[in-house]
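# Residue-level structural notes
Chain by chain, the residues:
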Amino acid sequence: MKPIRVVVADDQELVRAGFGMILDAQPDIEVVAEAADGAEAIEAVRVHAPDVLLLDVRMPVMDGLEAARRVCAEYPGTRVIMLTTFDADDYVFDALYAGASGFLLKDVRRDDLAHGVRMVASGEALLAPSVTRRLIGEFAARRPGGVERAVRPPSRLLEQLTARERETLRLLARGLSNAEIAAELVVSEHTVKTHVSNVLAKLGLRDRVHAVVFAYEAGAVVAGED
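If you're wondering where the values come from, they're calculated on a predicted model, not measured in any experiment.

### Examining the side chain of Glu-165
Examined against the element boundaries, Glu-165 turns out to sit in helix H7 (residues 163-173). Among the polar contacts made by the side chain of Glu-165, one reaches the side chain of Lys-202 at a distance of 2.8 Å. For Glu-165, the residues in contact, after removing those within four places along its chain, are Gln-160, His-195, Asn-198, Val-199 and Lys-202.

### Some details on the environment of Asp-111
Looking at where Asp-111 falls in the secondary structure, it is placed in helix H5 (residues 110-121). Residue class for Asp-111 comes out exposed when judged on its relative accessible area of 55%. Along the sequence, Asp-111 and Ile-22 sit 89 residues apart, while their C-alpha atoms lie 8.7 Å from each other.

### Some points on the packing of helix H2 (residues 38-48) against helix H3 (residues 64-74)
When two helices pack together, their arrangement is given by the angle between the helix axes and the distance between those axes. Contact geometry for H2 and H3: axes closest at 9 Å, N-to-C directions at 20°. If you check the angle between H2 and H3, you find them roughly parallel. In this structure, H2 meets H3 at a crossing whose hand is right-handed. Of the residues in H3, those in contact with Gly-38, Ile-42 and Val-45 of H2 are Ala-67, Arg-70 and Val-71. Its residues assigned to classes, the contact of H2 with H3 comprises 4 nonpolar, 1 polar and 1 charged.

### Some thoughts on the packing of H7 against helix H9 (residues 189-203)
At a minimum axis separation of 9 Å, H7 and H9 run at an interaxial angle of 95°. One element, H7, and the other, H9, form an angle in the roughly perpendicular class. Contacts between H7 and H9 pair Arg-164, Glu-165, Thr-168, Leu-169 and Leu-172 from the former with His-195, Val-196, Asn-198, Val-199, Lys-202 and Leu-203 from the latter. Here the residues of the contact of H7 with H9 sort into 5 nonpolar, 3 polar and 3 charged.

Rules and cut-offs
- Residues numbered from 1 in each chain as written.
- Predicted model: local features only at pLDDT ≥ 70, side-chain atom pairs only at ≥ 80, totals over all residues.
- Heavy atoms only, no water.
- Helix = DSSP H or I, 4+ residues; strand = E, 2+ residues; numbered from the N terminus.
- Polar contact = N/O pair within 3.5 Å; in protein donor to acceptor, adjacent residues only side chain to side chain.
- Contact = heavy atoms within 4.5 Å.
- Buried < 20%, exposed > 50% of the residue type's maximum accessible area, 1.4 Å probe, protein only.
- Axes fitted to C-alpha atoms, helices over the stretch in contact; angles between N-to-C directions.
- Parallel < 35°, antiparallel > 145°, perpendicular 65-115°, else oblique.
- Left-handed = near helix turned anticlockwise from the far one by under 90°.
- Nonpolar A, V, L, I, M, F, W, Y, C, P; charged D, E, K, R; others polar.

In structure tokens, the structure reads:
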């Protein structure tokens, strides 16, 4: 199998080098480039077409959130993991709305870093279901109407989904895992994975975190409902 190609973008050289060494030591991961600011990160993505971009939030010239917006819009084949030293909800909210598929603190353990890259490269989102529910619920409550979002999804898009797919989306938005959704719907996990894949494909979404965002913005669920 081809290795997962990664670009590491951080304005601190030691951080870039450290993350690069950790990831390059993995047999299935290859660091193809480094960048010191958001503009360099975008150029590295253009040249190297990585599978995953590790992107610091705070950088000179262009910050990570703006770089994430541009990369996600212009290079959809590259998934973005945001890096920061700040465990602040606003950064997570903004990163999700920029199009990021994951969020890690810089003091992440090396095994968790490599695992996170693999998860995001495979199409999963790097947020635990319980964290997803809290973050998106708070976001929807604090920023009604999808402020800052480039495209606000019309609720009519939900009409493309079957009844079972709409129910799957609602359960995703509640922060349930595939196993929990399977138990709720009394179906197999394989069937749930199929429903989730169909939801993402029909709505043009990148992963399950963005499906949760869509669900709140389109009115499929309301923040705080059970």
